[in-house]
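Understanding the architecture of this molecule
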Amino acid sequence: MVANVNMNPAGSGRRWSPFSSIKVFVFCHSLLQLAQLLVSGYMKSSISTIERRYGLSSQKSGILAAFNEVGNTVLIVFVSFFGSRVHRPRCIGGGALLACLASLLMAVPHFLSGKYQYTGQISSSSDNSSGLCLSSSSSSSSFSNQSCQQQGSAAQQVVYPLLLLGQLLLGIGAVPIQPYGISYIDDYASRKNSPLYLGILLAVTSIGPAFGFVTGSFMLRFFVDFDKLTKEEIELDEKDPRWVGAWWLGFLVASSLLFLAALPYLFFPREMPKEDGADEVESIPDSKQQQADPMRSLSLVQFLKSFPRIALRTLRGPIYLLVVLGQVNLAALLSGLATFMPKFIEKQFSQTISFSNMMIGGVGIPLAVLGIVLGGVLMRRFNVSVRGASKLCSAVILLCLLSALPMIFMGCSSQNVSGVFPHRSSSLPCMSNCSCPPDAFNPVCGSNGVEFRSPCHAGCLSRQTNASTKETNFTDCRCIDGSGSARSGSCGSNCSHLLLPFVALLGLTSFVTSFSQTPSYMMILRTVPAEDKSFAVGVQYMLFRVLAFLPGPVLYGSVIDTTCILWGQKCQKKTSCLYYDLDRFRHRFLGLMVVFVCGALLCFVLTIIVLKRRPATYKPPPPGSKGGYELVADKKAPEKEEKKEKA
């Protein structure tokens, strides 16, 4: 009997199992959240590569990036209703398996579509002058017709719908993971250890997307068709504007990780013993919980009917509404920058997409995590009140505005591209007899410093390839000083010297902006009644999705599309953008960021004004009242002082 007690920490007669330990659950849940958020970060890191591979506009890319929020937004309402009525570990495991399937589905288009076709590709030994200035268009037209047949195939047409479906399922699968995991830990962890476990999950939540971007940086260094071609057949290098990395590879890796992370949840019990050292008082019987929380006694229909009324009552609190709107502005900023900042760095500073992803995952996100942690430390160290938190948020957002404004002016104009920028023209006299295909895109940099869309547009008649380095030079180019030469690749924007200052300012802006996250969350938790805190946080996250995460990437993508000066064409259809006006790109992309920062600043300044016009303390309205929420937290300090005096 004694041996049984020693073997079983829970004190029951059953044999101890690792799946009865909340520590094992925390470890498994950390791995699962890391894998799930890795997929989210990886999707954003590869979005511009998918755009180039399948000829999508930035607006379509933005829709794709935001589409996972659709299923998440629709179903998140039901999480609070079913939370205490279902087997939470198995729901988490089921969601993880669905996310695993979705990640696998995201990679399917690569295997359905054919090899990546690009201009200047040497398809056979007889066609060794592809992309040059030719008097007859027979060879180019036959290649174009073959490419169009592949483009019009049924497999090619389902690529975008498949990607959307994968994103939708990914959002649905993620619905139960975080809410059910946090509530399960809070129910069965001791009061002493619960904050530590939740802190671990918060840290993993913060670094998960960073791992996604770093993974994207490594995966996109492999050519997209490395599984279909030999090393000798791969003609492009990573610096070529036509390069497309192996975007699909990361989804297969993430799918495997999600599958492995989902398996333990099938073995965790619906209820487990409280953690060692936990007081029996902490464990509340189910019947008493039901009395304390009247929402648990409602049916699904009653819950759905009462949801809009309670949500509107929550939003009537001016402090709550202003803080949430401020956070929505920052969330919209974050969603757009996380999706398109790698593309901005790639285009603006002539860097590879893998390097751009490394800058976001290795600099921007870690500094943002550091800002969140230090913001929490500051709140705890100085016991900041609601008024102090509103002033802190306003000051932090003002600093963010000051660090963001200089970035708008850090950049260069677009390089001189013949017939595209700065002067647009359909054709030049020197290439009138070249019969260049309209979809040609094989940039070359002339010896005169001018870039051309292809060797054909430069009037080049021959090419020379170094067998050892695979570097290609074009000669006898009639549009380059009569008979000049050109090297393969873009001339670039000559802005690489501004990359380091820009990344430093971007990291500073990320750090300063995230500093406001903890104070703003505390303002919400301290200005709503205790019984409505979880519901208020739920409404907050729903507004994040509806007003920020869904429209944010689409808005940024639409703005980027307005700066395009030359769209690609394939089979007489518009594809992705080939050249941007970099000044417009920078001004509009970063200008939109400044607009969101100003919106957040306005909201937090208004909270200061509202708080100044109110008495120092308020009593919370009774649960059945229709009034808005009032300050309930500023009483805490005096209460503590009274207790000390009595002691």
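What this report covers is the structure whose coordinates are included nearby. Remember, it's a predicted structure, so these values are computed and weren't measured experimentally.

Turning to the overall build of the chain, a few remarks are in order. Looking only at helices and strands, the chain has 23 helices and seven strands in total. Sorting the 647 residues of the chain into buried and exposed places 51% on the buried side. In the chain, of all internal contacts separated by at least 6 residues, the share reaching a separation of at least 24 is 79%. Here the chain has roughly 29900 Å² of accessible surface; of this, 62% comes from carbon and sulfur atoms.

Let us look at the pairing of strand β5 (residues 484-488). A regular strand places its side chains so that they alternate between the two faces of the sheet. Of the strand pairs in this sheet, strand β1 (residues 444-446) and β5 are connected by three bridges, and their pairing is antiparallel. Bridged to G446 within β5 is A486. Note that strand β4 (residues 472-477) and β5 share three bridges and pair antiparallel. Among the inter-strand pairings, C477 is bridged to a residue of β5, identified as G484. In this structure, the hairpin formed by β4 and β5 is closed by a connection of six residues, where D481 is found at a positive phi of approximately 55°.

Attention now moves to the packing of helix α15 (residues 318-349) against helix α19 (residues 517-525). Geometry of a packed helix pair, given as the angle between the helix axes and the separation of the axes. At a minimum axis distance of 9 Å, the contact between α15 and α19 shows a crossing angle of 155°. Classed by the angle they form, the pair α15 and α19 counts as roughly antiparallel. Crossing angle aside, the handedness with which α15 passes α19 is left-handed. Judged by residue contacts, I319, Y320, V323, V324 and Q327 of α15 engage Q517, S520, Y521, M523 and I524 from α19. The residue inventory of the contact of α15 with α19, partitioned by class, reads seven nonpolar, three polar and no charged.

As a further point, take the nonpolar core. One broad trend across soluble globular proteins is that nonpolar side chains are buried collectively. Within the largest apolar cluster, 145 residues are counted, with the highest numbers of intra-cluster contacts made by W247, M341, F502 and F589. When residues of this core are assigned to their parent elements, the largest contribution, 15 residues, is made by α15. If we ignore the near neighbours within four places in the chain, the residues touching F589 are G336, L337, F340, M341, F344, Y556, V559, I560 and R584. Formed by 16 residues, the second largest nonpolar core is a distinct cluster that contains V450, A458, F474 and C479.

Summed over the entire model, instances satisfying the criterion amount to eight salt bridges. Across the pair K343 and E51 runs a salt bridge, and its minimum N-O distance is 2.5 Å. In this pair, K343 sits in helix α15 while E51 sits in helix α3 (residues 47-54), placing the two residues 292 residues apart along the sequence. The exposure classification of K343 matches that of E51, with both residues buried. Taking the shortest distance from any N to any O, the salt bridge between R586 and D583 comes out at 2.9 Å.

Below, the discussion takes up the sheet that holds β1. Taken together, the five strands give an open sheet; going across it, the order is β2-β1-β5-β4-β3, and neighbouring strands pair in antiparallel fashion. Only two strands of the sheet have a single partner each, and these edge strands are β2 (451-452) and β3 (462-465). Relative to β2, β1 runs antiparallel, the two sharing two bridges. Its bridge partner lying in β2, V444 is registered against F452.

The N-to-C vectors of helix α10 (residues 177-188) and helix α11 (residues 194-219) enclose an angle of 160°; their axes lie 9 Å apart at closest approach. Between α10 and α11, the interaxial angle falls into the category roughly antiparallel. In the packing of α10 onto α11, the handedness of the crossing is right-handed. Together, Q178, I182, I185 and D186 of α10 and S194, Y197, L198, L201 and T205 of α11 make up the contact between the two elements. Across the contact of α10 with α11, the residue classes tally to five nonpolar, three polar and one charged.

Let us look at the state of the cysteines. Simply put, the disulfide is a covalent bond whose two ends are the sulfur atoms of two cysteines. Summed over all chains, the structure comprises seven disulfides. The structure places no disulfide on C400, whose sulfur is separated from the nearest cysteine sulfur, that of C598, by 9.5 Å. A relative accessible area of 0% means that C400 is categorised as buried. With relative accessibility at 36%, the residue C598 sits in the partly exposed group.

Position of S354 relative to the elements: it lies in helix α16 (residues 353-382). Residue S354 is classed as buried on the basis of its relative accessible area, which comes to 2%. Within the structure, the side chain of S354 is placed 3.3 Å from the side chain of T352, a separation counted as a polar contact.

Take the environment of A262 next. Tracing the sequence through the fold places A262 in helix α12 (residues 247-262). On the basis of relative accessible area, A262 is assigned to the buried category, the value being 1%.

One ladder, built from five bridges, connects strand β6 (residues 564-570) with strand β7 (residues 573-580); its direction is antiparallel. Bridge pairing links C564 to Y580 in β7. Hairpin connection, β6 to β7: the antiparallel pair is bridged by two residues, and C571 has positive phi, about 55°.

Bringing helix α2 (residues 22-45) into the picture now. Helix length check: α2 (24 residues) gives 34 Å between terminal C-alpha atoms against 34 Å at 1.5 Å per residue, within 8%. Counting buried positions along α2 yields 18 of 24 residues, so the element is predominantly enclosed. You can read the cap of α2 off the contacts: a side-chain oxygen lies 3.3 Å from the backbone nitrogen of K23, and it is on S21.

This part takes up unusual backbone geometry. Following F421, the chain continues into P422 via a peptide bond in cis, with omega recorded as 5°. Here P422 is to be found in the loop between α17 (386-404) and β1. In this structure, S350 takes a positive phi of about 55° despite not being glycine. Even without being a glycine, N383 presents a positive backbone phi close to 50°. Relative to the assigned elements, N383 resides in the loop between α16 and α17.

Criteria and thresholds
- Residues numbered from 1 in each chain as written.
- Predicted model: local features only at pLDDT ≥ 70, side-chain atom pairs only at ≥ 80, totals over all residues.
- Heavy atoms only, no water.
- Helix = DSSP H or I, 4+ residues; strand = E, 2+ residues; numbered from the N terminus.
- Buried < 20%, exposed > 50% of the residue type's maximum accessible area, 1.4 Å probe, protein only.
- Contact = heavy atoms within 4.5 Å.
- Areas by Shrake-Rupley, 256 points an atom, 1.4 Å probe, with all protein chains shown as cover.
- Pairing = 2+ DSSP bridges.
- Axes fitted to C-alpha atoms, helices over the stretch in contact; angles between N-to-C directions.
- Parallel < 35°, antiparallel > 145°, perpendicular 65-115°, else oblique.
- Left-handed = near helix turned anticlockwise from the far one by under 90°.
- Nonpolar A, V, L, I, M, F, W, Y, C, P; charged D, E, K, R; others polar.
- Core = buried A, V, L, I, M, F, W, Y, C linked by side-chain atoms within 4.5 Å.
- Salt bridge = Lys/Arg side-chain N within 4 Å of Asp/Glu carboxyl O.
- Disulfide = S-S within 2.5 Å.
- Polar contact = N/O pair within 3.5 Å; in protein donor to acceptor, adjacent residues only side chain to side chain.
- Expected span 1.5 Å × (residues − 1).

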